[in-house]
Amino acid sequence: MAKRALITGIAGQDGGHLAKLLHEKGYEVYGVIRGQLESSHPRYQQTQNEMPYVKLVLADLLDLAALTRAMQEIKPDEVYNLAAISHVGYSFKDPIMTADVTGKGVLNVLEAIRLAGLEKTTKFYQASTSEMFGGLDYNRPEKGYTEESSFHPRSPYGVAKLYGFWITKNYRENYGMFAVSGILFNHEGERRGPEFVTRKISQAVARIKLGKQDRLELGNMDAKRDWGYAGDYVEGMWRIMQQDKPDDYVLATGETHSIREFCELAFKETGVDIEWQGTGVKETGVDKKTGKVLISINPDFFRPSEVDLLLGDPTRAEKELGWERQVDFPGLVKLMVEHDLKEEASKA
Ligand code: NAP
Ligand code: G4F
């Protein structure tokens, strides 16, 4: 009989990649979509059209009753909890809702599994994050954060995710559940939401190339991230869930790049060389050939506190899971810009 997987956050970036992967592996895939989206709603229909093989389940991460009902009816072999308020900048604006969904929502899913009497049979994956490390100098190992590194979250999102991480570990220890975390560093791609910096850049580059936008406004240009491709990371999630012994793993590339480097490579894809001029909020990215300002700073995008540098060490995942990323940093930027050039060109 086919294994059954339930994915929360099905309509998000990773939800789509993971659903496709599990479907290709022969799973029966169920996807949780927010409770108020009736089947006639465009968002529901869009998700269903994109993933016709997924059986959509209406539920909200805040609704324990709906989640418990879903567990009782589906009896999934594997639950992947990807749903969250996942935008770090937004979490400063709405910390209460972020704590409820991104933090306590994890407990709701775990409790739903337990209330349905499935804690000995259903495996649980929690989408933990490198944001839990915080990127401060004192706890940053030279080769990158590992499963042993200490945490110091720098945002309401990071704090909420740390609760999710610990409650998952707690259920593993308390009830003997196969409950694990993937501690994933930034992963991007053609499904990335436009509110995240990489997609904001790739969309802007495409729109500027097509004459639909003049300029790209960004916040902190100095931040560095360990960016991989989301398609590679969902393979890692699945591998974490196939281990004999439940445990937590870091998935990362082991490389870190600045926002500036991402911009330079992205514009290069459309034949534009960027030259940086000025400093601080006056910094601009200029088209070397024409002298036109294409990138400027808007302090509205600054955050009250910042994670300056993220770098992960994936050694353990590579050794124990045999996980290896397929797409490198230049490949990721290229893939995103090429996708957005086609997408923008197809729009009126
Ligand atoms: P995403 O695109 O923001 O997707 C999150 C999904 O959660 C969305 O589909 C959203 O639904 C859903 N959601 C939000 N609130 C909900 C609620 N109350 N009830 C039910 N569903 C709700 O995030 P992602 O990039 O795919 O990331 C997946 C997970 O991995 C997240 O938990 C994220 O925090 C974590 N993570 C991501 C990265 C990364 O670099 N992408 C790295 C580490 C960890 P709507 O579609 O209706 O808005
Ligand atoms: O793309 P970002 O918003 O991603 P961030 O904050 O690293 O969070 C993402 O990765 C985490 C894993 O490390 C996930 F857990 C989380 O759910 C999410 O997927 O911002 C990246 C960097 C930041 O330093 C930000 O300040 O880019 C900087 N930045 C500069 N200008 C900007 C902008 N970020 C956004 N979103 N928009 C800007 O205009």
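The coordinates are above.
Residues numbered from 1 in each chain as written. Chains lettered and ligands numbered in written order. Predicted model: local features only at pLDDT ≥ 70, side-chain atom pairs only at ≥ 80, totals over all residues. Heavy atoms only, no water.

Which residues make up the overall build of the chain, and what are the values?
Along its length, the chain carries 11 helices and 15 strands. Taken over the C-alpha trace, the chain has a radius of gyration of 20 Å; the compact-globule value for 348 residues is 20 Å, and the two agree within 12%. Oriented by its inertia axes, the alpha-carbon framework of the chain measures out at about 65 × 50 × 40 Å. Burial statistics for the chain: of 348 residues in total, 54% are counted as buried. (Helix = DSSP H or I, 4+ residues; strand = E, 2+ residues; numbered from the N terminus. Rg over C-alpha atoms; globule rule 2.2 N^0.38 Å. Buried < 20%, exposed > 50% of the residue type's maximum accessible area, 1.4 Å probe, protein only.)

Explain the pairing of strand β6 (residues 179-184) to me, using residue names and the numbers behind them.
β6 sits mainly inside the fold: six of its six residues count as buried. The alternating pattern of β6 places Ala179, Ser181 and Ile183 and Val180, Gly182 and Leu184 on opposite faces, both of which are buried. Pairing geometry for strand β5 (residues 123-129) and β6, over six bridges, is parallel. Bridging across to β6, serine 128 finds its partner in isoleucine 183. (Pairing = 2+ DSSP bridges.)

Could you give me a rundown of the site of ligand 1, with the residues and numbers involved?
Neighbouring ligand 1 are 24 residues; Asp14, Arg43, Ser86, Tyr157 and Lys161 lie closest to it. The contact in question runs from an oxygen atom of ligand 1 to an N or O atom on the backbone of glutamine 13, over 3.0 Å. Between lysine 161 and ligand 1, the recorded distance is 2.8 Å, taken from a side-chain N or O atom to an oxygen atom. The protein chains hide 89% of the 890 Å² of surface that ligand 1 would expose on its own. Those elements that place two or more of their residues in the shell around ligand 1 are α1 (13-24), β5 and α6 (156-175). In terms of residue count, β5 provides more of the shell around ligand 1 than any other element does, three residues in total. Here the shell around ligand 1 is composed, by residue class, of 10 nonpolar, eight polar and six charged. (Near = heavy atom within 4 Å. Polar contact = N/O pair within 3.5 Å; in protein donor to acceptor, adjacent residues only side chain to side chain. Areas by Shrake-Rupley, 256 points an atom, 1.4 Å probe, with all protein chains shown as cover. Nonpolar A, V, L, I, M, F, W, Y, C, P; charged D, E, K, R; others polar.)

I'd love a proper account of helix α3 (residues 64-74), names of residues and values included.
Of all the residues in α3, the buried ones are Ala66, Leu67, Thr68, Ala70, Met71 and Ile74. Against the buried residues of α3 lie β1 (4-8), β2 (28-33), β3 (54-58), β4 (78-81) and α5 (95-115). With a side-chain oxygen lying 3.3 Å from the backbone nitrogen of alanine 65, the N-terminal cap of α3 falls on aspartate 63. Immediately downstream of α3, the backbone of lysine 75 shows phi near 45°, a positive value. (Contact = heavy atoms within 4.5 Å.)

Outline empty space enclosed by the protein, supporting the account with residue identities and numerical values.
Inspection of the entire model under this criterion finds one cavity of 30 Å³ or more. In terms of lining, the largest cavity is formed by Val88, Glu131, Arg154, Ser155, Arg225, Arg303, Ser305, Glu306 and Val307. Tallied by class, the residues present in the lining of the largest cavity amount to two nonpolar, two polar and five charged. (1 Å grid on protein atoms, 1.4 Å probe; cavity = no way out; pocket = protein on both sides within 12 Å on 5 of 7 lines; lining within 4 Å. Points joined across faces, edges and corners; volume = space filled by probe spheres on them.)

So, the sheet that holds strand β8 (residues 216-218): which residues are in play, and what are the values?
If you trace the four strands from one edge of the open sheet to the other, you get β8-β15-β14-β13, paired in mixed fashion. For this open sheet the edge positions go to β8 and β13 (274-277), each flanked by a neighbour on one side alone. Between one strand axis and the next, the sheet turns by 20° as a mean value, whatever way the strands run. Where strand β14 (residues 284-287) meets strand β15 (residues 293-297), three bridges bridge the pair, whose relative direction is antiparallel. The residue bridging glycine 285 from the neighbouring strand is isoleucine 295, located in β15. In the packing of helix α9 (residues 259-268) onto the sheet, contacts are made with β8, β13 and β15, and the angle to β13 comes to roughly 145°. (Axes fitted to C-alpha atoms, helices over the stretch in contact; angles between N-to-C directions.)

Talk me through α5; I want residue IDs and the actual numbers.
With 21 residues, α5 extends 28 Å between its outermost C-alpha atoms, agreeing within 8% with the 30 Å of an ideal straight helix rising 1.5 Å per residue. The axis of α5 is deflected most strongly, by about 40°, at lysine 104. (Expected span 1.5 Å × (residues − 1). Bend = angle between axes of the 7 residues up to and from the residue.)

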